[in-house]
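Close look at the chain arrangement
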Amino acid sequence: MADITQGLLEQIKGFERERKAVDVGYVEEIGDGIARVEGLDSVRAQELVEFENGVLGIAFNLEEDNVGVIIMGEYTDISEGDEVRGTGRIVSVPVGDGMIGRVVDALGRPVDGKGPIQSAERFPVERIAPGVIERRNVDRPVQTGLRAIDSMIPIGRGQRELIIGDRQTGKTAIALDTIINQKGKDLICIYVAIGQKRAQVAGVVATLEEYGAMDHTIVVIASASDPAALQFIAPYAGCAIGEYFMEGGRDALVVYDDLSKHAWAYRQVSLLLRRPPGREAYPGDVFYLHSRLLERAAQLSDARGGGSLTALPIIETLLGDVSAYIPTNVISITDGQIYLESDLFYSGVRPAVNTGLSVSRVGGDAQRHILRKISGMLRLDMAQFRSLAAFAQFGSDLDKATQQQLDRGMRLQEILKQPQYQPTSLADQAALLLAGTRGKMDHVPVPQVKEWEERFLLFFQANYPNFEEQLEAVDYRLTDEIEATLLEAIDEFNLTWRELAEGAE
């Protein structure tokens, strides 16, 4: 007993408490998710600070006599005079393969009830974009599975393609179809939900699970009920998670849904911190807000591992006004835009892509050769068809060539219509577009085009099961042999179609 006592006494004598300096301040003013803190002399911009009750905040405004802190949690329990401590950590998120298949908040904390995330690394949410020398040309495609986009507005790995349109025109649907189409492929997807209702995000996660897409997807959520601070950092957190895969030589895709609400959250915290307002009450650095985020998307050079990060930002317009402040800002930052139109959506053209206003500034560089050759003139033909259709409404007599162009355009429009969550493989796209552009279905009445398409795809998949492998063997090029195979399949099916049509009569 004496030995134990002696041992304990020696341990107590030898105990030395570790001393460390902690930057401490006190809450001077609190309200609306914002705190003004006196003290914290050594705090850094974007540093995490901790309040007495354990709630975290971000040092946002470094002023002469106080620090403006945006609070990332419930602020009603914080009161004037409470102690605030600097953590010495910049806002960061966990990254790694352990994140795949998980739903996390803007700080990378799991919200899906599946337990803690196994991750050894953390990346700061704000990082400098790769320089010019560290990048190379965008020349590999992201196959969305949507015929209208893959054929006319191709998206490349490392590109930033804006999806823009009014509310309820199918913007999120395009992003989800793209994510679903990556099943079994080599593209990790990150879906960032900003300012949406939790029920809406739950619906998105349920859809991704139903189609087996959560196996390659990470969902980052900062819902409408979360503080504006979390909505503000959510896209940067999603981008940092994607950069981990890019820097590991892999390919990642990040969807920001949507950046309009992100700008609203930033405007809210900026006005509360009394930053001077500019146009539409947004602070002066709102352009930099989005440019420093979207510039992080890149196709890295081979020396940097050759990985890529593709960005699909979404912007919601009001009554189709693309000339508003935030839409024009983001259009000028991105490498093209997919413009969705309400009139097309309500007339049954879905996806409701306006081919005249949509553009991909990477163009054919990132498009598969076979699609580039088949749909070379498709975009121009569809734009001309839309203007001709508007002119033909006046009921004037049309010459034969114009009528033929209208008829062809109507059939092409039917081919480009596509149900949600049903992406089309590259081989099927090539076969359908070749049939449409070469006039091989001009004999099919417009109301029966969808039936022709369904039956043809079943016939094509059953009779030419190895066509996708043939395409891969020639690096997806439209060789004479490939073209002959496609034309043979279409002609062969057309014979049976005519017999079916005659039998029905």
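Two numbers describe how helix α12 (residues 400–416) lies on helix α14 (residues 449–463): the axes approach to 9 Å, and their chain directions differ by 55 degrees. In terms of orientation, α12 lies oblique with respect to α14. Considering the relative orientation of α12 and α14, their crossing is right-handed. Contacts from R411, E414 and I415 in α12 reach V449, K450 and E453 in α14. Among the residues forming the contact of α12 with α14, the class breakdown is two nonpolar, no polar and four charged.

Counting across every chain of the model gives 17 aromatic pairs. Among the aromatic side chains, those forming a connected cluster through ring pairs are W452, F456, F459, F460, Y464, F467, F493 and W497. The residue whose ring lies beneath R350 is F345, and the NZ or CZ to ring-centre distance is 4.0 Å. The ring of Y476 carries the charged tip of R368 above its face, separated from the ring centre by 4.2 Å.

Before going further, it helps to spend a moment on a nonpolar patch on the surface. Taken together, the side chains of I4, L8, L9 and I12 define a hydrophobic patch exposed on the protein surface, amounting to about 410 Å² of accessible area. Position of L9 among the secondary structure elements: in helix α1 (residues 2–14).

Ranked by size, the top nonpolar core spans 71 residues in total, and within it L208, I338, W452, F456 and L486 carry the most contacts. At eight residues, the largest contribution of residues to this core is made by helix α13 (residues 426–437). Every residue in contact with L208, bar those within four places of it in the chain, is listed here: L176, I179, I180, A213, M214, T217 and V219. V104, F232, Y282 and I326 belong to the second largest nonpolar core, which has 65 residues in total.

Turning our attention to the side chain of E483. Inspection of the secondary structure assignment puts E483 in helix α16 (residues 480–504). For E483, a relative accessible area of 19% corresponds to the buried category. Contacts of E483, omitting those with residues within four sequence positions, involve L434, R438 and L478.

Moving on: the sheet that holds strand β2 (residues 34–39). Strand order in the closed barrel formed by six strands is β1-β2-β5-β4-β3-β6, and the pairing between neighbours is antiparallel. Here the average twist between neighbouring strands, direction ignored, is 45 degrees. Against the sheet, helix α6 (residues 259–272) engages β2, β4 (56–62) and β5 (67–71), with an angle of about 45 degrees to β2.

With that settled, consider the environment of V55. Within the element layout of this structure, V55 appears in the loop between β3 (47–51) and β4. Put simply, V55 and Y75 are 20 residues apart on the chain and 7.9 Å apart in space, counted from C-alpha to C-alpha. Not counting residues within four places of it along the chain, the set of residues in contact with V55 comprises V49, E50, I71, M72, G73, E74 and I78.

Now for the pairing of strand β10 (residues 162–165). Both faces of β10 are covered, namely the face carrying L162 and I164 and the face carrying I163 and G165. Pairing between β10 and strand β16 (residues 336–340): four bridges, direction parallel. Across the sheet, residue I163 finds its bridge partner in β16, namely I338. Pairing geometry for β10 and strand β15 (residues 308–316), over three bridges, is parallel. By the bridge assignment for β15, G165 is matched with E316.

Together, E28, E38, E64, D65 and E80 make up a negatively charged patch on the protein surface. In this structure, D65 sits in the loop between β4 and β5.

Before going further, it helps to examine the packing of helix α5 (residues 228–247) against helix α7 (residues 286–294). At a minimum axis distance of 10 Å, the contact between α5 and α7 shows a crossing angle of 15 degrees. One element, α5, and the other, α7, form an angle in the roughly parallel class. Regarding α5 and α7, the two cross each other, and that crossing is left-handed. In this structure, α5 uses F232, P235, Y236 and C239 to contact α7, whose residues at the interface are L289, R292 and L293. The residue makeup of the contact of α5 with α7, split by class, is six nonpolar, no polar and one charged.

Excluding glycine, most residues fall at negative phi; most peptide bonds, likewise, are trans. Of note, the amide linkage connecting D257 to D258 takes the cis form, showing an omega dihedral of -5 degrees. Looking at where D258 falls in the secondary structure, it is placed in the loop between β13 (251–257) and α6. The amide bond that connects R350 to the next residue, P351, takes the cis arrangement and shows omega of 5 degrees. Despite not being glycine, L40 has its phi angle at roughly 50 degrees, a positive value. Under the relative-accessibility criterion, L40 is labelled buried at 2%. One non-glycine residue with positive phi stands out, namely D475, at about 60 degrees. Position of D475 relative to the elements: it lies in the loop between α15 (467–473) and α16.

The rules behind each value
- Residues numbered from 1 in each chain as written.
- Predicted model: local features only at pLDDT ≥ 70, side-chain atom pairs only at ≥ 80, totals over all residues.
- Heavy atoms only, no water.
- Axes fitted to C-alpha atoms, helices over the stretch in contact; angles between N-to-C directions.
- Helix = DSSP H or I, 4+ residues; strand = E, 2+ residues; numbered from the N terminus.
- Parallel < 35°, antiparallel > 145°, perpendicular 65-115°, else oblique.
- Left-handed = near helix turned anticlockwise from the far one by under 90°.
- Contact = heavy atoms within 4.5 Å.
- Nonpolar A, V, L, I, M, F, W, Y, C, P; charged D, E, K, R; others polar.
- Phe/Tyr/Trp six-rings, centres within 6.5 Å; stacked < 30°, edge-to-face > 60°.
- Lys NZ or Arg CZ within 6 Å of the ring centre and 35° of its normal.
- Patch = residues over 30% accessible without salt bridge, like charges linked within 9 Å, V, L, I, M, F, W, Y side chains within 5 Å.
- Areas by Shrake-Rupley, 256 points an atom, 1.4 Å probe, with all protein chains shown as cover.
- Salt bridge = Lys/Arg side-chain N within 4 Å of Asp/Glu carboxyl O.
- Core = buried A, V, L, I, M, F, W, Y, C linked by side-chain atoms within 4.5 Å.
- Buried < 20%, exposed > 50% of the residue type's maximum accessible area, 1.4 Å probe, protein only.
- Pairing = 2+ DSSP bridges.
- Lys, Arg positive; Asp, Glu negative; His and termini not counted.
- Charge placed at Lys NZ, Arg CZ, Asp CG, Glu CD.

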